Amino acid sequence: MNPAQSSTNLQALVIGGSAGAVGALMRLLPGLPGSFPLPVFIVLHLPPDDKGSLAALLHSQCQVTVKEAEDKEPATPGVVCVAPANYHLLVEPDFTLSLSQDEPVFFSRPSIDVLFESAADAYGSSLWAVILTGASPDGAAGLKAVHAAGGKTWVQDPATAEAPTMPRAALAACPEARVLSLSELAQELLAMADLPTVKEASHS
Amino acid sequence: MKHRDTDTEGIELDLLVEAIFRKYHYDFRDYSAASLKRRLLQAREYFGCHTFSALQERVMHDATLLPQLLGYLTVQVSEMFRDPSFFRALREQVVPHLRTYPSLKVWVAGCSSGEELYSLAILFREEGLEERTMFYATDINTDALRKAEAGVYDLERISLFTANHQRSGGKSSLSDYYTAAYGAAVFDKTLRKRTVFSDHTLASDAVFAEMQLVCCRNVLIYFNRELQDRAVGLFKDSLVRRGFLGLGSKESLHFSSHAAEFSEFNREERLYQKRQ
């Protein structure tokens, strides 16, 4: 067993959104304790010339560490990695992160589908996925993939979303997802803070 | 969690990549698995195959499919003077060091269809360094190399290239370097008269010359840690002492085993300088 892997947390939370999602994240993330037991990966649709202002803004308001994702960075519990503008963010099977400049998906790079589909491959049923407010169908196929791999799927209630297109598309593709208001989502995430840190057991 | 080792699609994908390596000697085994899978899924859809096993059977028995498959796996879309601030830093901070050498060698590793090469050639001409420089433009994909050698780009991309060139501190007009015809911009062939285009793979080929500058931007992100280490090792071995390495705007030597052998010359622009 690779010793680097034995400390890898084997569950993760992924979040995707676009229009209005910065405000939504500002309601969800600041409440999380610094000891949050899962790595968190976020894709928000950003202007291509954004220089990391979203991660900096969130970091200044949060107890958890929020940073721009770096290529080949290992997933770390309690660390929130935000996809940089103009790059897709993917999770590798060895729980490190990769960036790519492959074609935009639904005119978006980073794309929520790209993150969610790769994270579903890596984490399977140990993945929690959240689709927030947004004005694009990106994320719908990704959420469906998370569900198909046995992961938990949550969607911000389109009725309370600033832009309902994204949550509606996600629910159409993945009707099994739970529909939650932002305050219910905040409570669910807080409840996850009490999850035990699951680490890869050694092979027996 | 799912186990890649027992997941059917994971097994098929590994076998396909192994088969491509054994039969055609293109080695994608140490590419980043997640983006490789996305690209292979796109190729699978294009070829109308329902599984990676079906795609493997077709590729194994019909070598004419290989160039298209390689297109899916290797082609990067680039721009001239992409990340203009990188070229500005190169011009303002690295060029003064390069001027001190009587002759220069520059390696554009993973040059794809050549946008980066022409950007450097124009910058070197503007700075008066072109006549003492040899450029080496290498890529794994021979179709891409042919495009690089042709130097013909869609005219509709030129406004972006022009804006990038200006923002990079360009001292001339980009229109000095191409002629427009039939929706295409054909770049001045004298820009590549000092360039050697060559088929080279960072996965298995060796160092071939001693360089003052290596640019390899947005290539390493497609490699896993081991292959990144191999590639950066090649760059280190080919660079002269105090030679320069330029990476993509989200690439770094942060997680590289060669990190200690380079200093951060300009951290923000991902310009590194070899120490020894």
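Since the structure is predicted, the reported quantities are computational estimates derived from the model, not experimental observations.

Here's the deal with the overall build of chain B
Logical step 1: Counting its regular elements, chain B contains nine helices and ten strands.
Logical step 2: A globule of 276 residues ought to have a C-alpha radius of gyration of about 19 Å, and chain B, at 20 Å, matches this closely.
Logical step 3: Principal axes of the C-alpha set define a box for chain B whose edges measure 55 × 50 × 30 Å.
Logical step 4: Taken across its 276 residues, chain B has 45% of its residues classed as buried.
Logical step 5: Considering only residue pairs separated by 6 or more positions, chain B has 75% of its internal contacts joining residues 24 or more positions apart.

With respect to the packing of helix H2 (residues 33-46) of chain B against helix H4 (residues 66-74) of chain B
Residue and element names in this part refer to chain B.
Logical step 1: Running from N to C, H2 and H4 cross one another at 145°; their axes reach a closest spacing of 8 Å. Crossing hand, H2 versus H4: right-handed. In this structure, H2 contributes Arg39, Gln42 and Ala43 to the contact, and H4 contributes Leu69, Tyr72 and Leu73.
Logical step 2: Within the contact of H2 with H4, the residues separate by chemical class into four nonpolar, one polar and one charged.

Here's the deal with the packing of helix H1 (residues 8-24) of chain B against helix H3 (residues 52-61) of chain B
To characterise two packed helices, one gives the angle between the axes of the helices and the distance between these axes.
Residue and element names in this part refer to chain B.
Logical step 1: Relative to each other, H1 and H3 sit at 15°, their axes nearing to 8 Å. In terms of their interaxial angle, H1 and H3 are classed as roughly parallel. Both H1 and H3 take part in a crossing whose hand is left-handed. On H3, the residues that touch Glu9, Glu12, Leu13, Leu15, Leu16, Ala19, Ile20 and Lys23 of H1 are Phe52, Ser53, Leu55, Gln56, Val59 and Met60.
Logical step 2: Residues that form the contact of H1 with H3 fall into these classes: nine nonpolar, two polar and three charged.

Here we look at the domain arrangement of chain B
Residues and elements named next belong to chain B.
Logical step 1: Taken domain by domain, chain B consists of domain 1 (8-74) and domain 2 (84-274).
Logical step 2: Here domain 1 and domain 2 have C-alpha centroids that lie 29 Å from each other.
Logical step 3: With ten residues of domain 1 at the contact, the number on the domain 2 side is twelve residues.
Logical step 4: Tallied by class, the residues present in the side of domain 1 that touches domain 2 amount to four nonpolar, four polar and two charged.

Some details on the nonpolar core
Logical step 1: In this structure, A:Leu115, A:Ala119 and B:Val108 are the most contacted members of the largest nonpolar core, which totals 144 residues.
Logical step 2: Element by element, the count of residues in this core is highest for helix H4 (residues 112-123) of chain A, at eight residues.
Logical step 3: Residues contacting A:Ala119, with those up to four places away along its chain left out, are A:Ala12, A:Val14, A:Phe41, A:Val91 and A:Leu127.

Structural notes on the interface of chain B and chain A
Logical step 1: Across the boundary between the two partners, chain B contributes 19 residues, which contact 24 residues of chain A.
Logical step 2: Breaking the side of chain B that touches chain A down by element, the ones donating at least two residues are H2 and helix H9 (225-238) of chain B.
Logical step 3: Considering each element in turn, the side of chain B that touches chain A owes the most residues, four residues, to H2(B).
Logical step 4: Of the residues in the side of chain B that touches chain A, the class split is six nonpolar, seven polar and six charged.

Considering the confidence of the model for chain A
Residue and element names in this part refer to chain A.
Logical step 1: When the pLDDT values of chain A are averaged, the result is 90; 91% of them are 70 or greater.
Logical step 2: Across residues 1-8, confidence stays below pLDDT 50; counting only partners more than four residues off in sequence or on other chains, it has 14 contacts.
Logical step 3: Low confidence marks residues 200-204, where pLDDT is under 50. Its contacts with residues over four positions away, or in another chain, come to seven contacts.

Section: the sheet that holds strand E4 (residues 79-82) of chain A
Residue and element names in this part refer to chain A.
Logical step 1: Here seven strands make up an open sheet; going across it, the order is E3-E4-E2-E1-E7-E8-E9 and the pairing parallel. Of all strands in the sheet, those with a lone pairing partner are strand E3 (65-68) and strand E9 (178-180), marking the two edges. Pairwise comparison of adjacent strand axes, ignoring direction, gives a mean angle of 20° for this sheet.
Logical step 2: Where strand E8 (residues 152-156) lies against E9, three bridges are found, and the strand directions are parallel. Residue pairing across strands places Gln156 opposite Leu180, the latter belonging to E9.

Quick word on unusual backbone geometry
Logical step 1: Cis geometry marks the peptide bond from A:Arg109 to A:Pro110, where omega comes out at 10°.
Logical step 2: Of note, A:Pro110 is situated in the loop between strand E6 (97-100) and H4.
Logical step 3: Notably, A:Phe95 is not glycine yet its phi reads approximately 65°, a positive angle.
Logical step 4: Phi is positive for B:Arg242, close to 70°, though the residue is something other than glycine.
Logical step 5: Relative to the assigned elements, B:Arg242 resides in strand E8 (residues 239-247).

Cut-off values and rules
- Residues numbered from 1 in each chain as written.
- Chains lettered and ligands numbered in written order.
- Predicted model: local features only at pLDDT ≥ 70, side-chain atom pairs only at ≥ 80, totals over all residues.
- Helix = DSSP H or I, 4+ residues; strand = E, 2+ residues; numbered from the N terminus.
- Rg over C-alpha atoms; globule rule 2.2 N^0.38 Å.
- Buried ≥ 20, exposed ≤ 12 C-beta atoms within 10 Å, placed from the backbone.
- Contact = placed C-beta atoms within 7 Å.
- Axes fitted to C-alpha atoms, helices over the stretch in contact; angles between N-to-C directions.
- Left-handed = near helix turned anticlockwise from the far one by under 90°.
- Nonpolar A, V, L, I, M, F, W, Y, C, P; charged D, E, K, R; others polar.
- Parallel < 35°, antiparallel > 145°, perpendicular 65-115°, else oblique.
- Domains from an automatic or database assignment.
- Core = buried A, V, L, I, M, F, W, Y, C linked by C-beta atoms within 7 Å.
- pLDDT = per-residue confidence, 0-100.
- Pairing = 2+ DSSP bridges.

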